[in-house]
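# Coordinate inspection notes
Spelled out, the chains give:
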Amino acid sequence: LKRPCVLDCDGQRYEIGYEAAESSVRIMGGNSNWRGPIWFPMNYLIIESLQKFHQYYGSDYHIECPTGSGNKMPILEIADEISKRLVKLFEPSPDGKGRPALRVHEKMATDPHFR
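A few points on the structure.

What follows covers the overall build of the chain. A tally of helices and strands in the chain yields 3 helices and 4 strands. Ordered by position from N to C terminus, the α and β elements of the chain give β-β-α-β-β-α-α. Evaluated residue by residue, the chain yields a buried proportion of 16% over its 115 residues. Accessible surface, the chain as shown: approximately 9600 Å² in total, 57% of it carbon and sulfur.

Here we take up the pattern of salt bridges. For the structure shown, the criterion picks out 3 salt bridges. Here Glu15 ties to Arg13 by a salt bridge, and the two come within 3.8 Å at their closest N and O atoms. By the burial criterion, Glu15 is exposed, and Arg13 matches it. Among the charged side chains, a salt-bridge network with shared partners connects Asp8, Arg13 and Glu15.

In terms of nonpolar packing, the biggest core is built from 8 residues, these being Ile47, Leu50, Cys65, Met73, Ile75, Ile78, Ala79 and Leu86. Elements that contribute at least two residues to this core include exactly α1 (39-57) and α2 (75-88). Looking at which element gives the most residues to this core, the answer is α2, with 4 residues. The residues touching Ile47, leaving out its near neighbours within four places in the chain, are Ala79, Ile82, Ser83 and Leu86.

For the rest of this paragraph, the subject is the side chain of Asn43. Along the chain, the position of Asn43 falls in helix α1. A polar contact is formed between the side chain of Asn43 and the backbone oxygen of Trp39, at a distance of 2.7 Å. Not counting the four nearest positions on each side in its chain, Asn43 is found in contact with Ile82 and Leu86.

With an omega of -10 degrees, the peptide bond between Cys65 and Pro66 qualifies as cis. Positive phi is not limited to glycine here, since Asp10 has a value of about 50 degrees. Note on placement: Asp10 falls in the loop between β1 (5-9) and β2 (12-16). Overall, Asp10 belongs to the exposed group, its relative accessible area being 78%.

So, on to a nonpolar patch on the surface. On the surface, Phe53, Tyr56, Tyr57, Tyr61 and Ile63 cluster together into a nonpolar patch covering about 560 Å² of accessible area. Per-element tally for the nonpolar patch: the top contributor is α1, with 3 residues. Position of Tyr56 relative to the elements: it lies in helix α1. The exposure class of Tyr56 is exposed, given its relative accessible area of 67%.

On inspection of all chains with the given rule, the structure shows 5 aromatic pairs. Ring centres of Trp39 and Phe40 lie 5.2 Å apart, and the angle between their planes is 70 degrees; on these two criteria the pair is classed as edge-to-face. Judged by its relative accessible area of 35%, Phe40 falls in the partly exposed class. Between Phe40 and Phe90 the ring centres are 5.9 Å apart and the planes differ by 70 degrees, which places this aromatic pair in the edge-to-face class. Of this pair, Phe40 sits in helix α1 while Phe90 sits in the loop between α2 and α3 (106-110); the two residues are 50 residues apart in sequence, bridging distant segments of the chain.

Basis of the calculations
- Residues numbered from 1 in each chain as written.
- Predicted model: local features only at pLDDT ≥ 70, side-chain atom pairs only at ≥ 80, totals over all residues.
- Heavy atoms only, no water.
- Helix = DSSP H or I, 4+ residues; strand = E, 2+ residues; numbered from the N terminus.
- Buried < 20%, exposed > 50% of the residue type's maximum accessible area, 1.4 Å probe, protein only.
- Areas by Shrake-Rupley, 256 points an atom, 1.4 Å probe, with all protein chains shown as cover.
- Salt bridge = Lys/Arg side-chain N within 4 Å of Asp/Glu carboxyl O.
- Core = buried A, V, L, I, M, F, W, Y, C linked by side-chain atoms within 4.5 Å.
- Contact = heavy atoms within 4.5 Å.
- Polar contact = N/O pair within 3.5 Å; in protein donor to acceptor, adjacent residues only side chain to side chain.
- Patch = residues over 30% accessible without salt bridge, like charges linked within 9 Å, V, L, I, M, F, W, Y side chains within 5 Å.
- Phe/Tyr/Trp six-rings, centres within 6.5 Å; stacked < 30°, edge-to-face > 60°.

Note that every value here comes from positions in space, so none of it alone points to a role or purpose.
Have a look at this one:
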């Protein structure tokens, strides 16, 4: 950001800037675009909306998925594909390194008692 918002107050300097892609603060989770607490609920709303579009348009209406692939799919199949991808984040990974969504928490990612 060329001109961040800056506030000087009581000898303290507070600054709000934009960090493209990677966050400079670990608590923000690295890539800050979709790793915050909002990304999963947003995907849920997208899935639910696609299901409603399917109810209206039916199986004959196809959309390219993924974007740029040239592959056309019915809306309901796209909603199902997004759902499967979200579920995979919490399933044990084929490489044996634990669940992708929990890799930063080794015990939760690899402990066989955590289901």
